[in-house]
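Close look at the chain arrangement
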Amino acid sequence: MSMIRCCFEPVEMPEFLDSFVKKCTEGCCCGCCSALRPRYKRLVDNIFPVNPEDGLVKSNMEKLTFYSLRSPEKLDRIGEYLYQRASKDINRKRYKFVEIAMEAMDLLLMACHAQILNLFVESFLRMVQKLMEDTNPTLQIMATNSFVRFANIEEDTPSYHRRYDFFISKFSSMCYGNNDDVELRDNMRMAGIKGLQGVIRKTVSDDLVENIWEKQHMEKIVPSLLFNMQSASGSKSVDQEATPSTPPVLAEAVLRELVSRASFGHIRAVLKPLLTHLDSHKLWVPNRFAIDTFRIVMISIQPQYSYTVVETLMSHLDQNLASSPKTRTSLAVVLSKIIAIAAGESVGPSALDIINNLLTHLKTSVSTQHESTPEETQYQEALINALGEFANHHPDYQKIEIMLFIMNTVPDPSKKSKGDQLLQNILLKSLLKVGTQYRTVSFEKAFPVSFLQPLLKMARATSVPIRVIVMQIFQQLLDRHQNQHLLFVIEVSNYPTLTVEQASRSDILFTHKYGSNILQAILDGMSQENHMEVLKSSYNTAGLMIVEMACSETVQEFLLFVLSVQQVAITEVELSPKHRCNLHSIAVALLILIGRCTGIGTLVEYAEKVIQSRLEDATYLLPPLMDNEKPAPSTLNTNQPHLMIDKLALAECLQQAGLEHNRVQTGTPYSLNQTDMSAHRHSWVDTSAARNSIVDANYNDVESVSSSPGVQKRSLPLDFNFESMKRVLAEPTEANKREAREKQAAIGRTFRETAFEDLVRRTEPQHDVLQNKLNEIFNSLSAERQIHCGNQLVLNSAAATTVVDGGIGGGLGGGKLNQQRPIYENNFPELFFY
């Protein structure tokens, strides 16, 4: 039953008249039947003015708002009626009335409470969709703005059936607006971007509504934002602009918001359409836009998920291995620009996983490279830079692990094929890149044995570039005081700006343990051929070792190295005359450097005498080095003792300075072809004794002369001089060596194969001796204590003559306690022996 309001009182209308009145009121246009219309319709009709130019009737709108709040159950009907009126006005092109209806919708939406919002939203969204379907840009922008206001309202109750497919598609299409009017085009694009932002805010925080992260949605949203971002030319950053006023800036802000709201499982949903857009529009070359976009992503993403971006970009690089080198290079450059941001959150396996992926790409590039091209080289350099940037943001202990990891992937130097040598070169370059970022504090930590041993093997490689790179790695890790550039040129100068610091105890121990191994590798490398770059880098490395490690305790090690360089130049018959001259120049340059770094005045004076003698008689034995373009000297005066560095003279210099000199005087310098690290590794416990036992049968010593370089002595045959006979007498016989080896092998087999119980039984006599000795000590202690206690008892009895018998009894009781067995007389259990 419906109610008819008459002049006096409401009258109930029969049911059969209900449908008739409804048709009359809906079809009537003269207003004669308005009294029969429902109240909410009359209130809605009253907000529309007679002249549309007058706009919304504010007073009547307030009545409608008050009615909707008093009767919230009528909201859905009010919204539906407004939608019907707006639809008719759209069809009749009466856009002013449509704008009034949309304004009324917005006011009602803002006035509604969150609990009753669902009753009105469906009609509201239908209204927005109706306006956006029209071709009028003004209606589309108005509808978008209404939707954005709706998106900013937080709803308490979720809506399970609401969908936004149409709005995503429509807003995305508006982002590509291409109207000839620039202002209208920008307004349309701004409206589309704002609409996408509203959809994101409305759906991303509610898991019960439509999933915005689905593929079909992200493939519309992300490219729309990127399209507007790439049209920017020198626009201001979002951080500099409080309210974005241009489509590129607003699109960047929305992309930041979208990425920041993405969880771990949704990051790839954003990245995949991003990469597809860059591929489709060929935005990798040039890669300025790609770098900016990925930086926005890395800065906006939650820090714990940044590794996912790097991993996705690497996977995309895997998929583009068949593309042009320029594209791959651009991808690698983008990776190098963003990988540092992810480095701070990558620890442990994830860090090594990134390193392994980069090394895999380097190996793939080398294996598929038929010939060296500039584009492929640039691609490899970009990967190496990415690796270096990634390592630079890790702590030093992880950099050591990364360098060790890279070193383990380098092919063995025995592999001499072109592909293996190229791979060795590339991987060592990446190792050098990481080493450049490392700041050495302790050489013991910078050169663990597992890293130093393969590095020394590579220092003896036949390839010149590989040897140079290895020397550069040593230089980066040895140079703690930035002296490398001063030692780049080989000369016999004073080095006034050289920074020298007293070697620490750990540096001295490192030199005793591994200094000879490094110097031996340097000697082997510089002796292979007369290559200027190899000789300069070898001198630089040796010079840095002297600057960082030379002191009174290690000076003999470096003096033996100088003698070794000179000995190779004299005795190796395969060396060219220029090569010999260069080795002599390096030896005297290192000698004067040792004297100045250690402050040993006598050593400096002797070096200056040798230099002066060479200036007078053999300038070709002094720096600078002789390259292949300079003519070789006709004769070499290497048989003149005053031009050579004499070992006895060096020992005398050390003796005059009050330093140990036996090793320089009687020890054996290095010889070539020592490839095993254990050949020169000695214990730091007894360094001098161990090193004095090294014997090299191939070494022929320079004749002994006095400390004055001008005095010449008669030379003896090399086979019958004093040093050679002393070495023969000191050298153990083959039988003794064989017996020692057999005894050592037997002891090793015994401890490897014998059961533990048998080993315990073999050592039991030693335990008895130890137990007997302990018993003697404890018995002596017990006797001393009894004497002390007896004396104390006598004193106590003399002083206590007035004490009652109970006190004496107490004293006797105390004597009984002293007769008990002390606990320390118990034998140690065998458990404590092992």
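Right, let's walk through the structure included here. If you're wondering where the values come from, they're calculated on a predicted model, not measured in any experiment.

Looking now at the overall build of the protein. Of regular secondary structure, the protein possesses 35 helices and two strands. Burial analysis of the protein (834 residues in total) assigns 47% to the buried set. Long-range pairs, those at least 24 residues apart, make up 73% of the contacts in the protein between residues at least 6 apart in sequence. Summing over all exposed atoms, the protein offers an accessible surface of approximately 42300 Å²; the carbon and sulfur share of this is 53%.

On to helix α10 (residues 215-230). Between its first and last C-alpha atoms α10 spans 22 Å; for 16 residues at 1.5 Å apiece the expected length is 22 Å, and the two agree. Inspection of α10 places His217, Met218, Ile221, Val222, Pro223, Ser224, Leu225, Leu226, Asn228 and Met229 among the buried residues, and these make up the whole buried set. On its buried face, α10 sits against α8 (165-174), α9 (182-203), α11 (247-261), α12 (267-280) and α13 (288-300).

With that out of the way, let us pick up the packing of aromatic side chains. Considering all chains together, one arrives at 17 aromatic pairs under this definition. Between Phe147 and Phe171 the ring centres are 5.3 Å apart and the planes differ by 50°, which places this aromatic pair in the tilted class. Of the two residues, Phe147 sits in helix α7 (residues 137-151) while Phe171 sits in helix α8, which places them 24 residues apart along the sequence. Assigned by exposure class, Phe147 and Phe171 land together as buried. For the pair Phe561 and Tyr670, a centre-to-centre distance of 6.5 Å together with 55° between the ring planes defines the contact as tilted. Of the two residues, Phe561 sits in helix α25 (residues 555-571) while Tyr670 sits in the loop between α29 (662-666) and α30 (687-692), which places them 109 residues apart along the sequence. Residue Phe561 is classed as buried on the basis of its relative accessible area, which comes to 1%. Residue Tyr670 is classed as buried on the basis of its relative accessible area, which comes to 3%. In textbook terms, an aromatic cluster arises when at least three aromatic residues are bridged by ring pairs, as seen for Phe124, Phe147, Phe150, Tyr164, Phe166, Phe167 and Phe171.

Looking now at the pattern of salt bridges. Where side chains of opposite charge bring their charged atoms close, a pairing between them can arise. For the structure on display, the rule yields 24 salt bridges. Linking Asp89 and Arg94 is a salt bridge whose minimum nitrogen-to-oxygen distance equals 3.8 Å. Its relative accessible area of 3% is what places Asp89 among the buried residues. Between Asp396 and Lys399 there is a salt bridge whose closest N-O contact spans 3.7 Å. Remark: Lys399 and Asp396 occur in helix α18 (residues 396-409); sequence separation between them is three residues, near one turn of the helix. Residue class for Lys399 comes out buried when judged on its relative accessible area of 4%. When salt bridges that share partners are traced, they join Arg201, Glu257 and Arg261 into one network.

What follows concerns the side chain of Ser306. When you line up the elements, Ser306 lands in helix α14 (residues 306-319). Residue classification places Ser306 among the buried residues on the basis of a relative accessible area of 2%. One polar contact links the side chain of Ser306 to the main-chain carbonyl oxygen of Pro303, over a distance of 2.9 Å.

Our focus in this paragraph is the nonpolar core. Soluble globular proteins tend to pack their nonpolar side chains together in the buried interior. Core analysis: the largest hydrophobic core is formed by 209 residues, its most contacted members being Phe294, Leu428, Phe447, Phe474 and Phe561. Among the elements that line this core, the one with the most residues is helix α26 (residues 577-598), at eleven residues. When sequence neighbours within four positions are dropped, the list of residues in contact with Phe474 reads Phe447, Leu452, Leu455, Leu456, Ile518 and Thr541. Core analysis: the next-biggest nonpolar cluster, separate from the first, contains seven residues, Ala618, Tyr620, Leu621 and Met626 among them.

Taken N-terminus to C-terminus, the directions of α7 and α9 make an angle of 25°; their axes are 9 Å apart at the nearest point. Considered as vectors, α7 and α9 are oriented roughly parallel to each other. Pair α7 / α9 crosses with left-handed handedness. Every residue of α9 that contacts α7 at Pro137, Gln140, Ile141, Thr144, Phe147, Val148, Phe150 and Ala151 is listed here: Leu184, Asn187, Met188, Ala191, Lys194, Gly195, Gly198, Val199 and Lys202. Among the residues forming the contact of α7 with α9, the class breakdown is ten nonpolar, five polar and two charged.

What counts, and where the lines are drawn
- Residues numbered from 1 in each chain as written.
- Predicted model: local features only at pLDDT ≥ 70, side-chain atom pairs only at ≥ 80, totals over all residues.
- Heavy atoms only, no water.
- Helix = DSSP H or I, 4+ residues; strand = E, 2+ residues; numbered from the N terminus.
- Buried < 20%, exposed > 50% of the residue type's maximum accessible area, 1.4 Å probe, protein only.
- Contact = heavy atoms within 4.5 Å.
- Areas by Shrake-Rupley, 256 points an atom, 1.4 Å probe, with all protein chains shown as cover.
- Expected span 1.5 Å × (residues − 1).
- Phe/Tyr/Trp six-rings, centres within 6.5 Å; stacked < 30°, edge-to-face > 60°.
- Salt bridge = Lys/Arg side-chain N within 4 Å of Asp/Glu carboxyl O.
- Polar contact = N/O pair within 3.5 Å; in protein donor to acceptor, adjacent residues only side chain to side chain.
- Core = buried A, V, L, I, M, F, W, Y, C linked by side-chain atoms within 4.5 Å.
- Axes fitted to C-alpha atoms, helices over the stretch in contact; angles between N-to-C directions.
- Parallel < 35°, antiparallel > 145°, perpendicular 65-115°, else oblique.
- Left-handed = near helix turned anticlockwise from the far one by under 90°.
- Nonpolar A, V, L, I, M, F, W, Y, C, P; charged D, E, K, R; others polar.

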